[in-house]
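Geometric and topological summary
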Amino acid sequence: ATMNLFVRLSSATARRLLLESSRSATATVSSIDEFLPLLVTFDNDCRIYCSYNGGKIFDDDVISLPRKLLPSNYVTGNNRSVKVEVLDDVQVADQVEVEPLTVEDWELLQIHATFLEERGWLEQVS
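Residues numbered from 1 in each chain as written. Predicted model: local features only at pLDDT ≥ 70, side-chain atom pairs only at ≥ 80, totals over all residues. Heavy atoms only, no water.

Moving on: the overall build of the protein chain. The helix and strand tally for the protein chain stands at 4 helices and 5 strands. Seen in sequence order, the protein chain has helices and strands lined up from the N terminus as β-α-α-β-β-β-β-α-α. Among the 126 residues that make up the protein chain, the fraction classed as buried is 29%. A separation of at least 24 residues holds for 61% of the contacts in the protein chain among residues at least 6 apart in sequence. With the model as given, the accessible surface of the protein chain reaches about 9100 Å², and the carbon-plus-sulfur share is 50%. (Helix = DSSP H or I, 4+ residues; strand = E, 2+ residues; numbered from the N terminus. Buried < 20%, exposed > 50% of the residue type's maximum accessible area, 1.4 Å probe, protein only. Contact = heavy atoms within 4.5 Å. Areas by Shrake-Rupley, 256 points an atom, 1.4 Å probe, with all protein chains shown as cover.)

Structure follows, in structure tokens:
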């Protein structure tokens, strides 16, 4: 199963988070839609690391998380509060090395080689 670590925010919320961070001095509007690394802290002190890459929702001050990112003991519902912070010093990958373990892994790599070689994996791990 694939783990989606991307969240969705309104553009206004993404901009506000970026401006409140120490990255604001070097940030541009286009960089918000490219990659914004985040730390989300739940009310039970559970933390997850994720990123925003332009996925939009229209409600300000709302974050949309994939259900799999929620802590197992977290009760979902309306008006739940989380703390969202921009991570300042996250390195962007420029290379990914993959070592297939099974024949099926090799076959998948061969089938999707063009996509993967054209930054498909880097976009997922950056």
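Our next topic: the side chain of Ser21. Summarising the element assignment, Ser21 is placed in the loop between helix H1 (11–20) and helix H2 (29–34). Under the relative-accessibility criterion, Ser21 is labelled buried at 11%. When residues no more than four places from it in sequence are discounted, the contact partners of Ser21 are Val86 and Asp88.

All of the buried residues in H1 are Thr13, Ala14, Leu17 and Leu18. The buried residues of H1 occupy an angular sector of 135 degrees when the element is viewed end-on, so they sit on one face. H1 presents Leu19 and Glu20 as exposed residues on the side facing more than 90 degrees away from its buried surface. (Arc of directions from axis to C-beta.)

This part covers the nonpolar core. Counting 17 residues, the largest nonpolar core has Val7, Leu9, Leu38 and Leu65 as its most contacted members. Those elements that provide at least two residues to this core are strand S1 (6–9), H1, strand S2 (36–42) and strand S3 (47–56). Sorting elements by how many residues they give to this core places S2 first, with 4 residues. Beyond its immediate stretch of four places on either side in the chain, Leu38 contacts Val7, Leu9, Leu17, Ile48, Tyr49, Cys50, Ser51, Tyr52, Val84, Glu85, Val86 and Leu87. (Core = buried A, V, L, I, M, F, W, Y, C linked by side-chain atoms within 4.5 Å.)

Turning our attention to the environment of Leu69. Along the chain, Leu69 falls in the loop between strand S4 (63–64) and strand S5 (82–86). Accessibility expressed as a relative area gives 9% for Leu69, which makes it buried. With 19 residues separating them along the chain, Leu69 and Cys50 place their C-alpha atoms 8.8 Å apart.

With that out of the way, let us pick up the confidence of the model for the protein chain. Across the protein chain, the average pLDDT comes to 76, with 74% of residues at 70 or higher. Mean pLDDT values for the elements of the protein chain range from 55 in H2 up to 90 in helix H3 (residues 103–111). (pLDDT = per-residue confidence, 0-100.)

Below, the discussion takes up the pattern of salt bridges. The final tally for this structure, using the stated rule, is 2 salt bridges. When the shortest N-O distance is used, the salt bridge between Arg16 and Glu20 registers 3.3 Å. Of the two residues, Arg16 and Glu20 are both situated in helix H1; the distance of 4 residues between them amounts to about one turn of the helix. On the basis of relative accessibility, which here comes to 57%, the residue Glu20 falls in the exposed class. Between Glu85 and Lys83 there is a salt bridge, with the nearest N and O atoms lying 3.8 Å from each other. (Salt bridge = Lys/Arg side-chain N within 4 Å of Asp/Glu carboxyl O.)

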